[in-house]
Amino acid sequence: MGTDIKKILPKLIENAAVMVFYLNHNGDILLCNKKTESVLGLKQADIIGRNWLEVLFRDKKKSIKKNMFKAVMDDSTIYKRAKDFTCHINQRLISWSINPVLDKDNQVEAIALFGQDVTEIKERESSIKNIDDSLKNIFSGIKEYALYVINLDGNITYFGMGSETMLGWSKKDIIFKHVSILRDIATDSLSLEFILEQVRSFGKYETETELVTKNKETIPVILTVNQFLDATGKLSGYVFIAKDITERRKLEYQIFQSEKIAVLGQLSAGMAHEISNPLFVISGRLEMLKQEDFSQKVKDDLVLIADQTDRIRKLVNRILKFSRKSTPLQELIDINEVIEGVLPLIRYNKLPSAKVEIEKYFGKNMPKIKADPDQLQEVFLNILTNAYQSMPGGGVIKIITSNLQNLYAQIQIIDTGIGIPAQHLKNIFMPFFSTKNEGLGLGLSICHNIIKNHNGEIELTSQANQGSTFTIKLPFT
Amino acid sequence: MLYKILVVDDEAPVRDLFEELFKKEDCQTVTCATGEEALNILKNETFDVVLLDIKLPGMSGLEVLKNIREIHKNLPVVMITGFGFDEDLIAKTKQFGCSGYIGKNMHVAQIIVTFKQFVKNAKEKALL
């Protein structure tokens, strides 16, 4: 066949995947190719000879398109320039190209009109955009994972998923910064080079570590690092996925604390028992000695020794109450009554005489709680005493009881005292922790134990110099 | 003499202390370290009261109590506890007829008074 353009060109046009029209300058269709048949649903014979506007826009409703198309056509004709236009024909999206054919005098002698069906292309684009948007939505909802990618130099090239939220950096601020900005290299012995070496050798690396936010806060995370390969399969970077495990750490810490307290309890019980005998003997002998005839100095010394032994005895008793393993008595009690019963007792503790007002807000609909009334009284006595002591200049203590969804009784004791600084709050229920100069620091740990034994919860919120709020929840029967 | 007391405790300083304390109260005391010894002694001698430590090596305080009760229905037995007594254990001893408790964590004066009260009560009950 050869490359005889005269013979091939018609074949090319006839078989093109785009619509080809040849119009005179009036817009009448002189020629059209096969593609026009399938798009327009007409035979070539029914197209040729008719005006293009009438063929394309048979429907009167399409008059706007007709006018626009005509304007583009006129523009192209007048300015002798190719012009483009997109519109729907028979529910297909067609991208038109209008090309004036100029004669040797540079006048428009004809118009070549090409129309490409871009329906599928547009759909694909739209679909991709939908997926993209969906992904963005999905990712923006995932707050506990951060995904970022670095290049081989270690600079961040992509900062996606929950990275901005978790780490506080905005994409534009962190892009191309070195990834080490996200770790505290001074304290972190796990080196980036080590991690990347592992990833290169084994494909991925996972570890538990800490990331640093823009505000210099540390977040405990599980970090998974994978290879980032380019289209040819060559290593072009690394993908980091960090999962925030702050909540898990909190839970682990709480469990650890509970276990510590439990072990401490067992040790205390054992120790206390061992102490009984020596203490008993010392006390007993002291009593006997006191009755003997000694100089006043010796008698005074004996009294001092007896006092100290007394202190030890009280201490051991306290430790024992704290370590009590036995399940509490199970009586059906009214929490409002229990608290009411404690109030007169407060006066008998050694309290600084201060104008402290107690405001009671007792919930009306309070079902009974299965509890040991003495133990609960001890809890409230302890907390109320602390509240009193935190307000040497006087103040108000609010006691609020309420019914939480018929499941729990909630008791809140709110004071306006000196409060507890934030750094002490996490230790406040630990045994032997005390912010006071006297006392053993066992009171609150005993309270914690008692409430836990009752399947309840106890929490303290506090602000230095503003006051503290104890919130206790106890399940109804 | 007020009472003849059998003191059962595994620690010598504790036994000696009781002996001296009771001497001041005009009581005669015999002491031993284990439950087995106590039961042997009880076969051959009579006592007004047994002062029995709840925690003993070998035969436990509870076991000794049970054994004593089988032979001597009316012999007052006062149990000694230390700090941290087990409430279950105490309930069991009550079940087996112990006449009262004194705790090593109590003041000595209080121990003596309480002890004497228990014995008095037990004897009066026995007479009924």
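Numbering of residues begins from 1 in every chain and follows the order in which that chain's sequence is written. A letter from A marks each chain and a number from 1 marks each ligand, given out in the order of writing. Totals for whole chains, interfaces and linings use all residues, but because this is a predicted model, local features are given only for residues with pLDDT of at least 70 and pairs of side-chain atoms are given and counted only at 80 or more. Derived side-chain values reflect all non-hydrogen atoms in the structure, with water molecules and hydrogen atoms excluded from consideration.

Draft legend 1. Inspection of the overall build of chain A at higher detail. Each helix and strand counted, chain A has 15 helices and 17 strands in total. Per-residue burial over chain A gives 38% buried out of 477 residues. Look at the contacts in chain A between residues 6 or more apart in sequence, and 53% of them connect residues 24 or more apart. Taken as a whole, chain A presents about 27,800 Å² of accessible surface, with 55% of it coming from carbon and sulfur. Numbering of helices and strands starts at the N terminus; helices are DSSP runs of H or I of at least 4 residues and strands are runs of E of at least 2. Accessible area is worked out with a 1.4 Å probe on protein chains only. A residue is then buried under 20% of its type maximum, exposed over 50%, and partly exposed in between. Contacts are assigned to residue pairs that have any heavy atoms within 4.5 Å of one another. Note on areas: Shrake-Rupley, 1.4 Å probe, and residue coverage restricted to the protein chains presented here.

Draft legend 2. Here's a closer look at the interface of chain A and chain B. The partner chain B presents 21 residues to the 20 residues of chain A that form the contact. Here the quantity called buried area is the accessible surface, traced with a 1.4 Å probe, that two parts lose on coming together, added over both. Regarding the contact of chain A and chain B, the summed buried area is about 1,900 Å², with carbon and sulfur atoms giving 62% of it. It is N277(A), F280(A) and M288(A) that lose the most area in chain A upon contact with chain B, and together they represent 35% of the buried surface on that side. One side-chain nitrogen of Lys or Arg within 4 Å of one carboxyl oxygen of Asp or Glu is enough to make a salt bridge. Summed over the shared surface of chain A and chain B, the number is 1 salt bridge. Between R285(A) and E20(B) there is a salt bridge, with the nearest N and O atoms lying 2.8 Å from each other. Counted as a polar contact is a pair of N or O atoms within 3.5 Å, where, for protein atoms, one must be capable of donating a hydrogen and the other of accepting one, and residues adjacent in sequence contribute only when both atoms are in side chains. Where chain A meets chain B, there are 6 residue pairs in polar contact (both at pLDDT 80 or more). Those elements that place two or more of their residues in the side of chain A that touches chain B are α10 (246-290) and α11 (296-323) of chain A.

Draft legend 3. The sheet that holds strand β2 (residues 28-32) of chain B, seen in detail. All names here are of chain B. In space, the 5 strands of this open sheet follow the order β2-β1-β3-β4-β5, with parallel pairing throughout. Two strands lie at the open edges of the sheet, namely β2 and β5 (100-103), each paired on one side alone. Looking at each pair of strands side by side, their axes are set apart by 25° on average, direction ignored. In this analysis, strands are considered paired if DSSP registers two or more bridges between them. Where strand β4 (residues 77-81) lies against β5, 4 bridges are found, and the strand directions are parallel. Counterpart to M79 in the pairing with β5 is Y101. Across the sheet, helix α2 (residues 35-44) lies against β1 (4-8), β2 and β3 (49-53), angled at about 155° from β1, the strand it touches most. To obtain each axis, a line is fitted to C-alpha atoms, and for helices this fit is confined to the stretch in contact; angles are then taken between N-to-C directions over 0 to 180 degrees.

Draft legend 4. Up close: the pattern of salt bridges. Residue and element names in this part refer to chain A. A full pass over the atoms with the stated rule returns 26 salt bridges over all chains. Two residues, E193 and R200, come together in a salt bridge whose shortest N-O distance is 3.3 Å. Given the relative accessible area of 48%, E193 is considered partly exposed. The salt bridge involving K360 is made with E340; its shortest N-O contact spans 2.9 Å. With K360 in strand β12 (residues 356-361) and E340 in helix α12 (residues 335-346), this residue pair connects regions lying 20 residues apart in the sequence. By relative accessible area, E340 is classed as partly exposed at 34%.

Draft legend 5. Main features of unusual backbone geometry. All names here are of chain A. Its identity is not glycine, yet N106 carries a phi of approximately 65°, on the positive side. Within the fold, N106 resides in the loop between β4 (92-102) and β5 (108-117). One non-glycine residue, N406, adopts positive backbone phi at about 60°. According to the relative accessible area criterion, N406 is exposed, its value standing at 53%.

Draft legend 6. Structural detail: the packing of α12(A) against helix α13 (residues 373-389) of chain A. Residues and elements named next belong to chain A. Running from amino to carboxyl end, α12 crosses α13 at an angle of 50°, the nearest separation of the two axes being 9 Å. Between α12 and α13, the angle is such that the two are oblique. Crossing geometry of α12 relative to α13 is assigned as right-handed. Note on element contacts: α13 touches α12 through P373, L376, Q377, F380, L381, L384 and Y388, opposite I335, V338, I339, G341, V342, L343, L345 and I346. Residue type decides the class: Asp, Glu, Lys and Arg count as charged, Ala, Val, Leu, Ile, Met, Phe, Trp, Tyr, Cys and Pro as nonpolar, and the leftover types, Gly among them, as polar. Here the contact of α12 with α13 is composed, by residue class, of 13 nonpolar, 2 polar and no charged. Working rule for angles: under 35 degrees goes down as roughly parallel, over 145 as roughly antiparallel, 65 to 115 as roughly perpendicular, anything else as oblique. Rotating anticlockwise by less than a right angle from the far helix to the near helix defines a left-handed crossing, while the corresponding clockwise rotation defines a right-handed one.

Draft legend 7. Structural view of the packing of α2(B) against helix α3 (residues 61-71) of chain B. Residues and elements named next belong to chain B. Where α2 contacts α3, the two axes come as close as 10 Å, and the packing angle between them is 15°. Judged on the interaxial angle alone, α3 and α2 are roughly parallel. Between α2 and α3 lies a crossing of right-handed hand. Contacts between α2 and α3 involve G35, L39 and L42 from the first element and V64, N67 and I68 from the second. Looking at the contact of α2 with α3 residue by residue, the classes come out as 4 nonpolar, 2 polar and no charged.

Draft legend 8. Region of interest: a nonpolar patch on the surface. Residue and element names in this part refer to chain A. Residues I5, L9, L12 and I13 make up a contiguous nonpolar surface patch of about 380 Å² in total accessible area. Here L9 lies in helix α1 (residues 5-14). Owing to a relative accessible area of 40%, L9 belongs among the partly exposed residues under this scheme. Candidate patch residues must exceed 30% relative accessible area and have no salt bridge, after which like charges are joined if within 9 Å and Val, Leu, Ile, Met, Phe, Trp or Tyr side chains if within 5 Å.

Draft legend 9. Representation of the packing of aromatic side chains. Stacked, tilted and edge-to-face are the three classes assigned to paired rings of Phe, Tyr and Trp, where Trp is represented by its six-membered ring and a pair needs centres within 6.5 Å; plane angles under 30 degrees give stacked, over 60 edge-to-face, the rest tilted. One pass over the structure, following the stated rule, counts 8 aromatic pairs over all chains. Between F280(A) and F18(B) the ring centres are 5.0 Å apart and the planes differ by 45°, which places this aromatic pair in the tilted class. Pair noted here: F280(A) is in helix α10 and F18(B) is in helix α1 (residues 12-24), and the two residues belong to different chains. Here F280(A) falls in the buried class, since its relative accessible area comes to 1%. On the basis of relative accessibility, which here comes to 0%, the residue F18(B) falls in the buried class.

Draft legend 10. Quick look at the nonpolar core. Residues and elements named next belong to chain A. Counting residues in hydrophobic clusters, the biggest one holds 38 residues, and the most contacted among them are I335, L376, F380, L384, I397, I413 and I472. Mapped onto this core, the elements with two or more residues apiece are α12, β13 (369-371), α13, β14 (395-404), β15 (408-414), α15 (443-453), β16 (457-463) and β17 (467-475). Discounting residues that sit within four places of it in the chain, I472 has contacts with V379, F380, I383, A409, Q410, I411, I451, E457 and I458. Take the buried Ala, Val, Leu, Ile, Met, Phe, Trp, Tyr and Cys residues and link them wherever side-chain atoms come within 4.5 Å; each set so joined is a nonpolar core. Counting 26 residues, the second-largest nonpolar core is a separate cluster that includes M19, W52, V72 and F85.

Draft legend 11. Looking closely at helix α5 (residues 63-79) of chain A. Residue and element names in this part refer to chain A. The end-to-end C-alpha distance of α5 is 24 Å, a good match for the 24 Å that 17 residues give at a rise of 1.5 Å each. Buried residues of α5: F69, V72, M73 and S76, and no others. Considered in projection along α5, the buried side chains sweep an arc of 100° and stay on one side of the axis. Of the exposed residues in α5, those oriented more than 90 degrees away from the buried face are I64, N67, I78 and Y79. Contact partners of the buried residues in α5: β1 (19-23), α4 (52-56), β3 (83-89), β4 and β5. A helix's residues, less one, multiplied by 1.5 Å, set its expected span. Working note: the arc is built from the helix axis to C-beta atom directions.

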